[in-house]
Amino acid sequence: MQFDSRHLSALSAILRLGSFEAAAGALNITQSAVSQRLKALEEQVGTVLVLRESPCVGTDAGRRLSAHAEAVALLEDQASRDLGQDGTSTAKGHARLRVAVNADSLATWFLGALDGLDDTLFDLVIDDESHSAEWLKKGEVLAAVTQSSRPVQGCDVIPLGSLRYIATASPKFMKTYFPDGVTPKALKSAPMLQFNEKDGLQSEWLSTQFGRGITPPSHGMPSSQAFVEAARRGIGWGMNPAPLVSRLVRRGILVPLVEENASFDKPLYWQVSRMMRPVLEPLTKAVKARASEVLVGQPVADEGAVEDEMRQAG
């Protein structure tokens, strides 16, 4: 099935900007023309692509088709550059790169990988690293930072290293909730910070240190920076990324919950669409380079398994 590029660009603009009016402004056409183009596309595929809400959101089919449109625009842009012509689709805002990344990577190292990639527009989807691969499976992003070494079908996977976390709290919090030391009993009543319902990092660390069965009361804190600030203010304890808190720990503003094994390393992987690999190679190189500067170690033990899985998936 072939699609009219004007129809696809209308769909992408609606979902990216959230309204028909904004899409019309971005495309320099009337709102009526945007509606007509979307209607024609929905009639062609035989299903609803956009839920007319405020803001507008895509159905599963709409999001997949929009991602397809953006991938095609990227390929066309690259082809123009290869032929010695100026890429035009990016300038129009049609060629965008949608990537899934976890909030802590975004807050500590991932933005550094985007430096110098001035000819690319990024649309970053924030999700827990244990769930970001789902965006690849659904075809809604072309690359993702994940915790899974198993490649999503049609993707290559590259080990990046591990993001180190440290279980930290303020000195005041430690005196209030752990006057006799950090014990399983004390942990059951000490407020814990949790990014959202998907965040199992604190529970993982508790299990490795004290065994299962500890479920502290928790604050929802969906921001990496707010996570650090909440710990600093004594609101709760949490697993904070070492790049964000190492200086605070050295200054005594935050302290590790336990003297030994307070850190917890979370392996991360870069998964990228195999079909789009040549176009995304500059970003992949930048991601690998930046990760090597901030992340610790390399998951050497997993590399053989990753290569085997890549061959099986290939």
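Residues numbered from 1 in each chain as written. Predicted model: local features only at pLDDT ≥ 70, side-chain atom pairs only at ≥ 80, totals over all residues. Heavy atoms only, no water.

Focus: the overall build of the chain
Argument step 1. When helices and strands are tallied, the chain shows 14 helices and 11 strands.
Argument step 2. The burial tally for the chain puts 46% of its 314 residues in the buried class.
Argument step 3. Look at the contacts in the chain between residues 6 or more apart in sequence, and 75% of them connect residues 24 or more apart. (Helix = DSSP H or I, 4+ residues; strand = E, 2+ residues; numbered from the N terminus. Buried < 20%, exposed > 50% of the residue type's maximum accessible area, 1.4 Å probe, protein only. Contact = heavy atoms within 4.5 Å.)

Regarding the pattern of salt bridges
Once their charged atoms are close, side chains differing in charge can pair, the charge on each being opposite to the other.
Argument step 1. Considering all chains together, one arrives at 15 salt bridges under this definition.
Argument step 2. Linking Arg-52 and Glu-42 is a salt bridge whose minimum nitrogen-to-oxygen distance equals 3.1 Å. With Arg-52 in the loop between strand 1 (50-51) and strand 2 (57-58) and Glu-42 in helix 3 (residues 31-45), this residue pair connects regions lying 10 residues apart in the sequence.
Argument step 3. Residue Asp-156 is joined to Arg-274 by a salt bridge in which the shortest nitrogen-to-oxygen separation is 2.8 Å. Placement of Asp-156 in strand 6 (residues 155-169) and of Arg-274 in the loop between strand 11 (263-273) and helix 13 (277-294) is noted, with a sequence separation of 118 residues between them.
Argument step 4. Salt bridges linked by common partners bring Asp-60, Arg-63, Arg-98, Asp-123 and Glu-140 together as one network. (Salt bridge = Lys/Arg side-chain N within 4 Å of Asp/Glu carboxyl O.)

Thoughts on the side chain of Ser-162
Argument step 1. One can find Ser-162 in strand 6.
Argument step 2. Judged by its relative accessible area of 10%, Ser-162 is buried.
Argument step 3. If sequence neighbours within four positions are ignored, Ser-162 has contacts with Asp-265, Lys-266, Pro-267, Leu-268, Leu-295, Val-296 and Gly-297.

Quick look at the environment of Val-245
Argument step 1. Looking at the secondary structure, you find Val-245 in helix 12 (residues 242-250).
Argument step 2. Note on Val-245: relative accessible area 0%, which makes it buried.
Argument step 3. In sequence terms Val-245 and Val-255 are 10 residues apart; their C-alpha atoms lie 9.5 Å from each other.
Argument step 4. Among residues more than four places away in sequence, those in contact with Val-245 are Ile-166, Val-228, Asn-240 and Leu-254.

A short note on the confidence of the model for the chain
Argument step 1. The pLDDT averaged across the chain works out to 87; a share of 88% of its residues lies at or above 70.
Argument step 2. Across residues 88-94 the pLDDT falls below 50, and counting only partners more than four positions away or on other chains, this stretch makes 15 contacts in the model. (pLDDT = per-residue confidence, 0-100.)

Here's the deal with the packing of aromatic side chains
Argument step 1. A complete count under the given rule lists six aromatic pairs for this structure.
Argument step 2. Summarising the aromatic geometry, the rings of Trp-109 and Phe-110 are spaced 5.6 Å apart at their centres and angled 75° between planes, so their arrangement reads as edge-to-face. Each member of the pair, Trp-109 as well as Phe-110, is classed as buried.
Argument step 3. Pairwise contacts between aromatic rings join Trp-109, Phe-110 and Trp-270 into one cluster. (Phe/Tyr/Trp six-rings, centres within 6.5 Å; stacked < 30°, edge-to-face > 60°.)

Some details on helix 3
Argument step 1. Here helix 3 contains 15 residues, and its C-alpha end-to-end distance of 21 Å stays within 8% of the 21 Å for a straight helix at 1.5 Å per residue.
Argument step 2. Among all positions in helix 3, only Ala-33, Val-34, Leu-38, Leu-41 and Glu-42 are buried.
Argument step 3. Downstream of helix 3 by a residue or two, Gly-46 has a phi angle that is positive, lying close to 80°. (Expected span 1.5 Å × (residues − 1).)

Considerations on the pairing of strand 9 (residues 238-241)
Side chains on a regular strand alternate between the two faces of the sheet.
Argument step 1. With burial as the criterion, each face of strand 9 is covered, one bearing Gly-238 and Asn-240 and the other bearing Met-239 and Pro-241.
Argument step 2. Bridge count for strand 6 against strand 9 is four bridges, and the pairing is antiparallel. Paired with Ala-167 across the two strands is Met-239, which belongs to strand 9. (Pairing = 2+ DSSP bridges.)

Observations concerning helix 11 (residues 224-232)
Argument step 1. Restricting attention to buried positions, one finds in helix 11 the residues Ser-224, Phe-227, Val-228, Ala-230 and Ala-231. Axial view of helix 11: buried residues confined to an arc of 165°, hence all on one face.
Argument step 2. Those residues of helix 11 hidden inside the fold are in contact with helix 6 (103-113), strand 6, strand 7 (192-194), helix 10 (201-210), strand 9 and helix 12. (Arc of directions from axis to C-beta.)

As for the pairing of strand 5 (residues 143-146)
Argument step 1. Judged by which residues are buried, strand 5 turns out to be covered on both faces: Ala-143 and Val-145 on one side and Ala-144 and Thr-146 on the other are all buried.
Argument step 2. Two elements, strand 5 and strand 11, share four bridges in a ladder whose sense is antiparallel. Considered in strand 11, the bridge of Ala-143 is made with Val-272.

Looking at the environment of Ala-71
Argument step 1. Mapped onto the elements, Ala-71 comes out in helix 4 (residues 60-82).
Argument step 2. Given a relative accessible area of 6%, Ala-71 falls into the buried group.

Quick word on the nonpolar core
Argument step 1. In this structure, Trp-237, Leu-257 and Trp-270 are the most contacted members of the largest nonpolar core, which totals 62 residues.
Argument step 2. Broken down by element, the residue count for this core peaks at seven residues, all from strand 6.
Argument step 3. When near neighbours in sequence (up to four residues on either side) are disregarded, Trp-270 contacts Val-99, Phe-110, Ala-143, Ala-144, Val-145, Asp-156, Val-157, Ile-158, Leu-160, Leu-283, Thr-284 and Val-287. (Core = buried A, V, L, I, M, F, W, Y, C linked by side-chain atoms within 4.5 Å.)

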